[in-house]
Structure formats: structure tokens, C-alpha cells
Amino acid sequence: MDSFWSTLAAFPIASDSIRTKKQLDGALRDHAVAVKQLMTAHRQAIAANVSQILAKINPAEDSIVFLGVLSVALDPSHPPAGISRSSVLDETLRFLLNFNAQKIRYAGLPFRKLLENVATGQLFSPVVSIEVLATAMLRIDPSGSMFTSTHLMLVKYAYESSWIEPALKVLDCDITFYPNMAGQRGAKLLCEPGIAPAAYISVDTGLTDSVRTTMVLEYNLLSGLCYMAIRDWTKAYRALERVITHPSRDRGVSKIMDEAYKRWVLVGLLKDGKEPTLPPYTSHSAKTTYNTLGLPYKNVASLFSTPNAAQLKVEVEGNRQVWEDDDNLALMNEVVASYQKWQIINLRDIYKQISISQLRQVTLSAETGEPLTSDQATTNLVREMIESNLLKGELLQGDSEEDSYLKFRDDSDLMTETDFAREIAQRHHNIEALGTQYKAANERLSSSKEYVRHMVREQKRADKDGADPGIGFDSQIEDEDLMTGIMAHG
């Protein structure tokens, strides 16, 4: 084992010889190569001494070596001697929770392979796997703004296992970068602190595999399904909208986009109580296709905000097979159950308070097409809505149900001065974070030769006929190249 310890000692991380970032970069690159060669040349000796080695090295300091030893210890074809499987897994957790994020950029491929083993359930239970996977991904990229192949594996595992909560800290991040986008590749040293994740997360460094458009669509669709599972309609709506507005070849609509659109319509009803409107940047051909393929859903949506509960009931029941074939029956039932709730919520635009008996008379159930059978049933529904925070109001109980009232309350009535200050601070933080990401994205795009040529052409066209320069660049991007670079035009 002398060669092992001499290789580790040969990395002069604290040496006076390393005085610049460039020298550190070179030392880390040499160290990563040396560790890889060491693991290959002395695999048997390392496997026989795994326990002693891991006890002497620190995952936060010796991250590349620690990862190399773990790759040997986790090899199912040659289990290491002198250490139990559970002990190896404990050491794996210790590494994933403490590795040095800057150093591990130089061992991107073995690190990604380890994450993939975690994401496929080969090492831990879903409860542990999803938590540690999300934590490790955010150690590599604290902003969460860079999409990687591991993102799709995480959301698949979370959705299939129904263990969604730990994955939300990754799913909630706004993604603004994708692997191998044009510009700035290799412009920064991997060890440079404060650089954008796009500068070190790439196929070249191994921290991500290549990414195709379908992977991004599937990630956003599954993210939407995860948010739907926890009944966060607002975030589900946004995730699905990213799918249905995704640029595609010939402005067409893929099967994933069609599936997302149908769910997006229903989630929009649950979120706002009315038919959603496609964003203005949705292509005309996509809008036409959605309206054709999703006609039964659109019919339900158009009836949802009307008082015609009986017709809505007929429309829903008459297309039951459609909802089942699309695997949307449970979601449609959720929409039907929310119909009367949204009628009640919308009464706030008319009344400050309303008696329970009157409320029962002016609202209808889409499940029966009729009012609720009693004031008590209406009271129970209103109480449930208030307790779930769907309805901002309070029940004023009288001596009888006939004397009970629902009093509507504004959001401003419920927010304390402290809550208001916290909300303002959070919005300020979000704006600053968005500005930072916008600046980084703009720098990368502006350094693309293809984009610069496009802007020159558009400026000449604008000077000639008054057009707005910059419009139309997205329409020149081929579908396969959205995540792997921008094709040259001209």
C-alpha cells in the first residue's frame, strides 16, 4: 500500500508551490489522473484494505481519493474483504454529504456514476436515496440552475417511489442552463470559485451525460406529476407549461407535449377556477394541434366557469373512457369536486358575507348537477375549504344553520407586518438571483458566434424595414440541437 499513500501525499494542496488558480488546476488534474491509475494498478490491494484506508482519509479533503476507493468497494463483482456492505454504504453516505464540491469537478465521471447507482436504488432505500441524491446535486450546483442527466433520474425515482418531498429542493430550482450550450465552454478553470455551473458541469467533465430534448420534456412532465401528487397546483401548472411551450422541429407537438397539455388544462382549472390561456409565445401550429387533440378537455374547461353544472356533468360522464385512456380520470374527478368550491370562492367578488342557506341555493355540485342536500353539508364543505387554506374566510355560527354565515377575508387581512416584510425580502432575493442567472446566460449566448451572426443579420434587416432585431433566433434552432449547441446558419 506504499504506492497508495505516496500518491495521496504527492498532491501538494497545501504546498507553497501552489500559489495561483492555474497551478491548483494543474495539480488537481494530475492528482485525478494519478488516482485513476492507482485504482487500476492496485485494485486488489485496495479492496483488501478498504476499511483501513477509509478510516485514514477525509471525504472533505481527500474527495478524489475517497471516491476512487468507494468505486472499488462498491464493485458487486469483487466485494472487498474485511468490511461489511453496511459499513461501505455508511462511508458512501459520509462521502456524499461531505465531499469537496470544487475538487470533485475533476472526477466528474466516477462521481456521476455513483449518483446514478444511488438514483437506480442499488445502494439505499428510496427514503435515503432521494434525500442524499438531491443534497449531493445541490452541493455540486448550489443554484440548481444547470440541468443534468441526473435530474431526470431523480424525478423518475421520486415519482415512481412516491417519495417526493426530499426531491423538491431540486425540482423547485429554476433551470437556466443546459449541457453544451454554445459559448464559454472551457473559458474558466474548474477550480475557480464563484463561476457559473455551466462552466464546469458538462459532458466533457463527466458531471452529466449528454442531454436530449425528450429528456428535458420528460423531466418537466414528471416534475408536474410530482407537484400534482402533493396538490401544489401552481408549481404543477408551471412545470407542465414548460412542456407545452417547448420549441420543437417545425413547431410540431410531440406525444409528451400532448399529454402535458391535457393535464395542464385540468390543473389550470384547479389552480385558478377557469379555463387557462396558452402563453402568447406558443406557436400557432401548436395551438391548433392542442385544440384538436385536447378538445374534450377544452369543452370541460369552457363549462367549468359557467353555472351550467348539469351540462358539465354530462360532458364529464360522456367522455369517461377518454379520461381513463389518458390516465387522467383521478385528476378529472378532482376537477369535478372543485367545481362547487370555485363557485363559493368566486362569491367573494360579490359578497363580503353570505348566509350558509343562501350559499347552498346559489351554488351547484358538478357531481350531481344540483345544490347540496342540506345546510349542514354546505357548512361542512366551507369548513373543509377554510381548513385547507383554499378559502380565505371564517364561519360565523348562529343558533341554527339558517343563522350561520360565511365571511370572506382578504389576503391583506391575514398577513402580519412581519409576514409582509418577509415576503418583500424574499421577492427581492428572487429578483437578485434571477438577475445573476440572466447575466450569466446572456454572457454565454453573446459569446456564441452563431448568435452574433444572427444579431448582425437582424440588425441589418431592422435598419432596412424597421423590424425588431433579435426576433426569430429561437425559430432557427433545430430540435436536436437545443441542448447540445446551436447550429450555424449563414
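All values reported here derive from a predicted model rather than from experimental measurement.

### Description of the sheet that holds strand E1 (residues 353-355)
One open sheet accounts for 3 strands, arranged E1-E3-E2; its pairing is antiparallel. Taken across any chain shown, the strands that pair with only one partner, and hence form the sheet edges, are E1 and strand E2 (393-396). For this sheet, the mean angle separating the axes of adjacent strands, direction not counted, is 20 degrees. With 3 bridges joining them, E1 and strand E3 (residues 405-408) adopt antiparallel strand pairing. What sits directly across from Ser355, in E3, is Tyr405. In the packing of helix H20 (residues 375-387) onto the sheet, contacts are made with E2 and E3, and the angle to E2 comes to roughly 145 degrees.

### Things to note about the confidence of the model for the protein chain
Counting all residues, the mean pLDDT for the protein chain is 85, and 79% of those residues have values of 70 or more. Scored below 50 in pLDDT, residues 467-490 shows 58 contacts in the model against residues more than four places distant or in partner chains.

### So, the packing of helix H18 (residues 329-346) against H20
Relative orientation of the contacting elements H18 and H20 amounts to 80 degrees, with a least axis distance of 11 Å. Here H18 is positioned roughly perpendicular relative to H20, judged by the angle of their axes. In this structure, H18 uses Gln340, Lys341, Ile344 and Ile345 to contact H20, whose residues at the interface are Leu381, Val382, Glu384 and Met385. Its residues assigned to classes, the contact of H18 with H20 shows 5 nonpolar, 1 polar and 2 charged.

### A word on H20
The periodicity of an α-helix, 3.6 residues per turn, causes residues three or four positions apart to be oriented the same way. With 13 residues, H20 extends 18 Å from end C-alpha to end C-alpha; this agrees with the ideal 18 Å at 1.5 Å per step. Every buried residue of H20 is accounted for by Asp375, Thr378, Thr379, Leu381, Val382 and Met385. Around the axis of H20, the buried residues are gathered within 160 degrees of arc, so they sit on the same side. Lining the buried residues of H20 we find H18, helix H19 (356-362), E2 and E3.

### What about empty space enclosed by the protein?
Inspection of every chain in the model, using the stated rule, returns 2 cavities of 30 Å³ or more. Of the voids in this model, the largest cavity is the one considered here, and its volume is about 150 Å³. Residue assignment for the lining of the largest cavity shows that the elements contributing at least two residues are helix H7 (108-119), helix H8 (126-140) and helix H9 (149-161). The class makeup of the residues in the lining of the largest cavity is 9 nonpolar, 4 polar and 1 charged.

### Remarks on the side chain of Lys341
For Lys341, the location among the structural elements is in helix H18. A polar contact of 3.4 Å, which involves the side chain of Lys341, links it to the side chain of Glu384. Beyond its immediate stretch of four places on either side in the chain, Lys341 contacts Leu381, Glu384, Met385 and Leu390.

### Digging into the pairing of E2
In regular strands, side chains alternate between the two faces of the sheet. By the alternation rule, side chains of E2 split into Gly393 and Leu395, which are all buried, and Glu394 and Leu396, of which none is buried. Sheet analysis places E2 next to E3, joined by 4 bridges and oriented antiparallel. Considered in E3, the bridge of Gly393 is made with Phe408.

### Here we look at a nonpolar patch on the surface
A surface patch of nonpolar side chains, amounting to about 240 Å² of accessible area, comprises Val127, Val128 and Trp163. As for its position among the elements, Val127 is in helix H8. Its relative accessible area of 45% is what places Val127 among the partly exposed residues.

About the thresholds
- Residues numbered from 1 in each chain as written.
- Predicted model: local features only at pLDDT ≥ 70, side-chain atom pairs only at ≥ 80, totals over all residues.
- Heavy atoms only, no water.
- Pairing = 2+ DSSP bridges.
- Helix = DSSP H or I, 4+ residues; strand = E, 2+ residues; numbered from the N terminus.
- Axes fitted to C-alpha atoms, helices over the stretch in contact; angles between N-to-C directions.
- Contact = heavy atoms within 4.5 Å.
- pLDDT = per-residue confidence, 0-100.
- Parallel < 35°, antiparallel > 145°, perpendicular 65-115°, else oblique.
- Nonpolar A, V, L, I, M, F, W, Y, C, P; charged D, E, K, R; others polar.
- Expected span 1.5 Å × (residues − 1).
- Buried < 20%, exposed > 50% of the residue type's maximum accessible area, 1.4 Å probe, protein only.
- Arc of directions from axis to C-beta.
- 1 Å grid on protein atoms, 1.4 Å probe; cavity = no way out; pocket = protein on both sides within 12 Å on 5 of 7 lines; lining within 4 Å.
- Points joined across faces, edges and corners; volume = space filled by probe spheres on them.
- Polar contact = N/O pair within 3.5 Å; in protein donor to acceptor, adjacent residues only side chain to side chain.
- Patch = residues over 30% accessible without salt bridge, like charges linked within 9 Å, V, L, I, M, F, W, Y side chains within 5 Å.
- Areas by Shrake-Rupley, 256 points an atom, 1.4 Å probe, with all protein chains shown as cover.
- Salt bridge = Lys/Arg side-chain N within 4 Å of Asp/Glu carboxyl O.

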